[in-house]
Amino acid sequence: MRPIRVLALGIVLLSLGLLPFPRYVLFPGLSGLDYVADSTWMEASAGPPARLIEELEWAEAKVAEWWGEVPDRPRILVCGSYDCDGALKGPGPYAQAYGRHLLIVHARLGLESPQLRRAILAHELSHTLVASRVSLLDLWRGRMPAWLNEGLAVLASGDPRFDLTPAYCASLDTEDLPAGYKAWGRLAGTTDRPIYQAAACRARIWLKTNSISDI
Ligand SMILES: [Zn+2]
């Protein structure tokens, strides 16, 4: 290899070593996370590995039951500290799926009830599964609106926080739900409006004339 290429490669590797996000994602074992299961790393402070594995397997089974397909496990990184959260763009949401290949779980999820922990994992794995069927380009082109992706994730996960009774759903008929993912992300982080419930109610209506097998 010519010296200039060696130098360029060295700079790239050095940058990866210094930039927290790619360092954690590419080298979790060198970033303080332990390998605890297939494709899964977690910080020791995030709780007992056996608990995570049991909840993860529950979530995978739940998503498989809903979607009719076992999701491929993405690379899963589970934080237990603010340092880890900060490096991985947290702690905003409890967890964040990045396409079909990466799922980050933030430390604050570990403080929640077992029911919510399982539901959040299932919610994110539902997004992972959608990402395996609908390309990022198609998502961007609007083939699957954000409200539908989120609504199906709520239904697939059985999230215990949400009231989805017909009477409550009827009261959410007029909620304005973004189709675009950026707009959804902005709204989700700033509003008290029940947009996840409304999305799940609307996804249920969508399912009366559509099938998830067509996604
Ligand atoms: Zn979501």
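This one's a predicted model, so the numbers in the text were calculated from it and none came from an experiment. (Residues numbered from 1 in each chain as written. Predicted model: local features only at pLDDT ≥ 70, side-chain atom pairs only at ≥ 80, totals over all residues.)

Chemist: Can you walk me through the overall build of the chain in this structure?
Modeler: Tallying secondary structure elements over the chain gives 10 helices and 5 strands in all. The C-alpha atoms of the chain give 19 Å as radius of gyration, which agrees with the globular expectation for 215 residues (17 Å, within 12%). Expressed as a percentage of the 215 residues in the chain, the buried residues total 33%. Considering only contacts in the chain between residues 6 or more positions apart, those separated by 24 or more positions represent 69%. (Helix = DSSP H or I, 4+ residues; strand = E, 2+ residues; numbered from the N terminus. Rg over C-alpha atoms; globule rule 2.2 N^0.38 Å. Buried ≥ 20, exposed ≤ 12 C-beta atoms within 10 Å, placed from the backbone. Contact = placed C-beta atoms within 7 Å.)

Chemist: What am I meant to see in the packing of helix α7 (residues 146-157) against helix α10 (residues 195-207) here?
Modeler: A pair of packed helices is characterised by two quantities: the angle between their axes and the separation of those axes. Axis separation between α7 and α10 bottoms out at 7 Å; the angle between their running directions is 90°. The angle between α7 and α10 falls in the class roughly perpendicular. Contact residues: Trp147, Leu148, Glu150, Gly151, Leu152, Val154 and Leu155 in α7; Tyr196, Ala199, Ala200, Arg202, Ala203, Arg204 and Trp206 in α10. By residue class, the composition of the contact of α7 with α10 is 10 nonpolar, 1 polar and 3 charged. (Axes fitted to C-alpha atoms, helices over the stretch in contact; angles between N-to-C directions. Parallel < 35°, antiparallel > 145°, perpendicular 65-115°, else oblique. Nonpolar A, V, L, I, M, F, W, Y, C, P; charged D, E, K, R; others polar.)

Chemist: Honestly, the pairing of strand β1 (residues 34-37) in this entry has me stumped. Any pointers?
Modeler: In summary, the side chains of a regular strand alternate between the two faces of the sheet. For β1 and strand β2 (residues 40-42), the ladder comprises 3 bridges, and the chain directions are antiparallel. The residue of β2 that forms the bridge with Tyr35 is Trp41. Linking β1 back to β2 in an antiparallel pair, the connection comprises 2 residues, with Ser39 at a positive phi of about 60°. (Pairing = 2+ DSSP bridges.)

Chemist: Hey, could you run me through α10 in this one?
Modeler: The end-to-end C-alpha separation of α10 is 18 Å, in line with the 18 Å expected for 13 residues at 1.5 Å each. Residues of α10 that are buried: Ile195, Gln197, Ala198, Ala199, Ala200, Cys201, Arg202 and Ala203. Looking at the buried positions of α10, the neighbouring elements they touch are α7, α8 (166-171) and α9 (181-190). (Expected span 1.5 Å × (residues − 1).)

Chemist: Just checking my understanding: could you explain unusual backbone geometry for this structure?
Modeler: Negative phi characterises most residues that are not glycine, and trans characterises most peptide bonds. The phi torsion at Ser39 lies on the positive side, around 60°, for a residue other than glycine. For Ser39, the location among the structural elements is in the loop between β1 and β2.

Chemist: What is the right way to look at the environment of Val105 in this model?
Modeler: Positionally, Val105 belongs in strand β5 (residues 102-105). The exposure class of Val105 is buried, given the 29 C-beta atoms found within 10 Å. Contact partners of Val105, with chain neighbours within four places excluded, come to Ile76, Val78, Cys79 and Ala95.

Chemist: How do you make sense of the domain arrangement of the chain when you look at a structure like this?
Modeler: Quoted interface sizes are often the accessible area lost when the parts come together. Under the domain assignment, the chain is made up of domain 1 (26-133) and domain 2 (135-215). A C-alpha centroid distance of 21 Å is found between domain 1 and domain 2. Residue-level contacts link 16 residues of domain 1 with 16 residues of domain 2. Listing elements by their share of the side of domain 1 that touches domain 2, those giving two or more residues are α3 (49-67) and α5 (114-133). A per-element tally of the side of domain 1 that touches domain 2 places α5 first, with 9 residues. Here the residues of the side of domain 1 that touches domain 2 sort into 7 nonpolar, 7 polar and 2 charged. (Domains from an automatic or database assignment.)

Chemist: What is the right way to look at the nonpolar core in this model?
Modeler: Inside soluble globular proteins, nonpolar side chains tend to come together where they are buried. In terms of nonpolar packing, the biggest core is built from 49 residues, with Leu77, Val78, Cys79, Val105 and Ala199 touching the most fellow members. Lining this core are residues from two domains, each supplying at least three of them: domain 1 (26-133) and domain 2 (135-215). The contact partners of Cys79, leaving out residues within four places of it in the chain, are Glu43, Ala46, Cys84, Asp85, Leu88, Gly90, Val105, His106 and Ala107. (Core = buried A, V, L, I, M, F, W, Y, C linked by C-beta atoms within 7 Å.)

Chemist: Please clarify how the sheet that holds β1 should be interpreted in this entry.
Modeler: The strands making up a sheet are joined through hydrogen bonds of the backbone, oriented either antiparallel or parallel. Reading across from one edge, β1-β2-β3-β5-β4 is the order of the 5 strands in this open sheet, with mixed pairing throughout. Each edge of the open sheet is held by one strand with a lone partner, namely β1 and β4 (95-98). Direction aside, the axes of adjacent strands within the sheet are offset by 20° on average. Here 4 bridges tie strand β3 (residues 75-78) to β5, and the two strands are oriented parallel to one another. By the bridge assignment for β5, Ile76 is matched with Leu103. Across the face of the sheet, α3 comes into contact with β1, β2 and β3 while running at roughly 45° to β1. Sheet strands touched by α5: β4 and β5. Its angle to β4, the strand with the most contacts, is close to 15°.

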